[in-house]
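If you want the building blocks of each chain, they are given just below.
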Amino acid sequence: LDYINPKLILETSITEPNEVIWQSPSNIALIKYWGKYGNQLPKNPSISFTLDQAVSQTAIAYSPKENNDDYGISLSFKFHGEHQPAFESRMKKFLESLTGIFPFLNQLDLDVRSTNSFPHSAGIASSASSMSALALCLCSMEHELFGTLEDNIQFDQKASFIARLGSGSACRSVYPLLAMWGESSSVPGSSNEYAIGMADHVHDVFTTFHNDILIVSKDEKEVSSTVGHNLMENNLYADNRYLQAKQRLNSLLDILKSGDLEAFGRIVEDEALTLHALMMTSNPSFVLMRPGTLTLIEKIRAYRKDTGHQVYFSLDAGPNIHLMYPSDIAYAVRGWIESDLQQHCEDRFWIADGVGEGPVEM
Ligand code: PMV
């Protein structure tokens, strides 16, 4: 895909100031992306549920540069109403890297404001929601300024492509319900460069699936996912892992259609533990789970055995548990979280979430 487009240059004298706003969710991978090559391309295909409550909202106000002699990106960035110099310089670098694709960014004063629905220090990675919200805003700007990206599929594809350059997993947040990223011979149209929507490929039971996030630790993680991905390059198990992910993805695609929850849960839990096993077998090794993570995993498996309720866990690159279950047992599970699981959460903090409808333009 070549999005380099030198034609996207403005006649700044006739450009009106304007603002675009998008709200975009986080996602939880069922088949994990861990290991990359080139410019943020995945070593294996991944698939995720789009979440509902864990969202970022990003607004970009733009106007022609006051000082047209200024070259480069002119950016002011506020997070929850406050200047964040560290975030600002990271975003500036990212926008600079996009000026081949969006040359008009060099011609505007950009005022970016962003908020998250969840506390910043909740130990929840916000890169998927914030990068997808930013990418959607940039595509809306292109659309407003040049009348391009009229077609929804093209719009989503470009937004997903741009989000991927910001943070790989963010490319999946652009779509409702279920999204897949990475080439697979069994899915026509799949690509390493952007994610595709898979909402039509799921059994009804998953359209109202719950995904509560149990916050075991609010600490910032010790090893970033960038470092984690890079450590896969010398991981002895890497090649087998990529093969395994492809095989599991094929099985999961059938399961997502059939609604077989037991088979779903087995693959999702195995994926979560495989991701953390890869961390533990990296050189140097690292562990992102905490004692509370293991306590919760044991409790979830015991509860499932005792009650027959189909409750499963996932993990992303951190210690927090994603608790997944169908909506018909939501009442019972909520009681159990409050009576037995919440005590293992930092400050008893957890977020009731579930699969969601994807980004919204505000
Ligand atoms: O998007 P990144 O580079 O932060 O990687 C995220 C990787 C996992 O969350 C662990 C798995 C995934 O597929 O989302």
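Above this note sits the structure.
A brief structural summary. The structure displayed is predicted, hence computed values, not measured ones.

## Focus: the overall build of the protein chain
Assigned secondary structure in the protein chain consists of 8 helices and 14 strands. Principal-axis analysis of the C-alpha atoms gives the protein chain an extent of 70 × 45 × 45 Å. Looking at the protein chain as a whole, 54% of its 362 residues qualify as buried. Restricting to contacts in the protein chain with at least 6 residues of sequence separation, those with at least 24 account for 75%. Carbon and sulfur atoms form 48% of the exposed surface of the protein chain, whose accessible area is close to 16,100 Å².

## A look at the sheet that holds strand 11 (residues 312-315)
Remark on secondary structure: sheet strands pair via backbone hydrogen bonds, oriented parallel or antiparallel. On the basis of which strands lie adjacent, the open sheet formed by 4 strands has the order 11-12-10-13 and antiparallel pairing. Edge positions in the sheet fall to strand 11 and strand 13 (350-351), since each has one partner strand and no second. Sheet topology places strand 10 (residues 210-214) next to strand 12 (residues 321-325); 5 bridges connect them, and they run antiparallel. Note on strand 12: the bridge partner recorded for isoleucine 213 is histidine 322. Packed onto the sheet, helix 7 (residues 291-307) meets strand 10, strand 11 and strand 12 and runs at close to 155° relative to strand 11.

## Some details on helix 6 (residues 261-280)
The terminal C-alpha atoms of helix 6, which comprises 20 residues, lie 29 Å apart, in line with the 28 Å expected from a rise of 1.5 Å per residue. Of all 20 residues making up helix 6, 14 are buried, and the element is well covered by its neighbours. Its side-chain oxygen placed 3.2 Å from the backbone nitrogen of glutamate 262, aspartate 260 serves as the N-cap of helix 6.

## Things to note about the layout of surface pockets
Its volume calculated, the second largest pocket comes out at about 230 Å³. Lining of the second largest pocket is provided by 15 residues; of these, Trp22, Asn152, Phe155, Asp156 and Glu361 occupy positions nearest its centre. Considering every element that reaches the lining of the second largest pocket, the biggest residue donor is helix 2 (residues 127-146), with 4 residues. Considered class by class, the residues forming the lining of the second largest pocket number 8 nonpolar, 3 polar and 4 charged.

## So, the site of the ligand
Close to the ligand lie Ala29, Lys32, Tyr33, Trp34, Ser167, Gly168, Ser169, Arg172, Ser225, His229, Leu275 and Ala317, which account for all nearby residues. Arginine 172 places a polar side-chain atom, nitrogen or oxygen, 2.8 Å from an oxygen atom of the ligand. The side chain of histidine 229 places a nitrogen or oxygen atom 3.0 Å from an oxygen atom of the ligand. Bound to the protein, the ligand loses 90% of the 380 Å² it would expose on its own. Residue composition of the shell around the ligand, by class: 5 nonpolar, 5 polar and 2 charged.

## Describing empty space enclosed by the protein
Under the definition given, this model contains 1 cavity of 30 Å³ or more. Approximately 30 Å³ is the volume attributed to the largest cavity. Lining the largest cavity are Ser217, Asp219, Glu220, Lys221, Glu222, Leu288, Arg290 and Pro319. A breakdown of the residues in the lining of the largest cavity according to their chemical character gives 2 nonpolar, 1 polar and 5 charged.

## Concerning the side chain of serine 314
With respect to the helices and strands, the residue serine 314 is situated in strand 11. Judged by its relative accessible area of 0%, serine 314 is buried. A distance of 3.0 Å separates the side chain of serine 314 from the side chain of lysine 32, its partner in a polar contact. Setting aside its immediate chain neighbours within four residues, serine 314 contacts Ile28, Ala29, Lys32, Val268, Ala272, Asn320, Ile321, His322 and Met324.

## Topic: the environment of asparagine 18
Considering the arrangement of structural elements, one finds asparagine 18 in strand 1 (residues 18-31). The exposure class assigned to asparagine 18 is partly exposed, which follows from its relative accessible area of 34%. C-alpha separation for the pair asparagine 18 and threonine 99, spaced 81 residues apart in sequence, amounts to 19 Å. Ignoring sequence-local partners within four residues, the contact set of asparagine 18 consists of Ile60, Ala61, Tyr62 and Glu144. Only 2.9 Å separates the side chain of asparagine 18 from the side chain of glutamate 144, close enough to count as a polar contact.

## Points about the nonpolar core
Formed by 80 residues in total, the largest nonpolar core has its most connected members in Phe49 and Phe264. Ignoring anything within four residues of it in the chain, the contact list for phenylalanine 49 reads Asn27, Ile28, Leu30, Leu177, Leu178, Phe206, Phe209, Leu256, Phe264, Met324 and Val355. In terms of nonpolar packing, the next biggest core, distinct from the first, is built from 22 residues, Ile329, Ala330, Val333 and Cys345 among them.

## Focus: unusual backbone geometry
In this structure, proline 284 follows asparagine 283 across a cis peptide bond, with omega equal to 5°. Following the sequence through the fold, proline 284 ends up in the loop between helix 6 and helix 7. Phi is positive for leucine 177, which is not a glycine, with a value near 65°. One can find leucine 177 in the loop between helix 3 (152-166) and strand 8 (178-181). The backbone of aspartate 347 sits at a positive phi, close to 55°, despite the residue not being glycine.

Definitions and cut-offs
- Residues numbered from 1 in each chain as written.
- Predicted model: local features only at pLDDT ≥ 70, side-chain atom pairs only at ≥ 80, totals over all residues.
- Heavy atoms only, no water.
- Helix = DSSP H or I, 4+ residues; strand = E, 2+ residues; numbered from the N terminus.
- Buried < 20%, exposed > 50% of the residue type's maximum accessible area, 1.4 Å probe, protein only.
- Contact = heavy atoms within 4.5 Å.
- Areas by Shrake-Rupley, 256 points an atom, 1.4 Å probe, with all protein chains shown as cover.
- Pairing = 2+ DSSP bridges.
- Axes fitted to C-alpha atoms, helices over the stretch in contact; angles between N-to-C directions.
- Expected span 1.5 Å × (residues − 1).
- Polar contact = N/O pair within 3.5 Å; in protein donor to acceptor, adjacent residues only side chain to side chain.
- 1 Å grid on protein atoms, 1.4 Å probe; cavity = no way out; pocket = protein on both sides within 12 Å on 5 of 7 lines; lining within 4 Å.
- Points joined across faces, edges and corners; volume = space filled by probe spheres on them.
- Nonpolar A, V, L, I, M, F, W, Y, C, P; charged D, E, K, R; others polar.
- Near = heavy atom within 4 Å.
- Core = buried A, V, L, I, M, F, W, Y, C linked by side-chain atoms within 4.5 Å.

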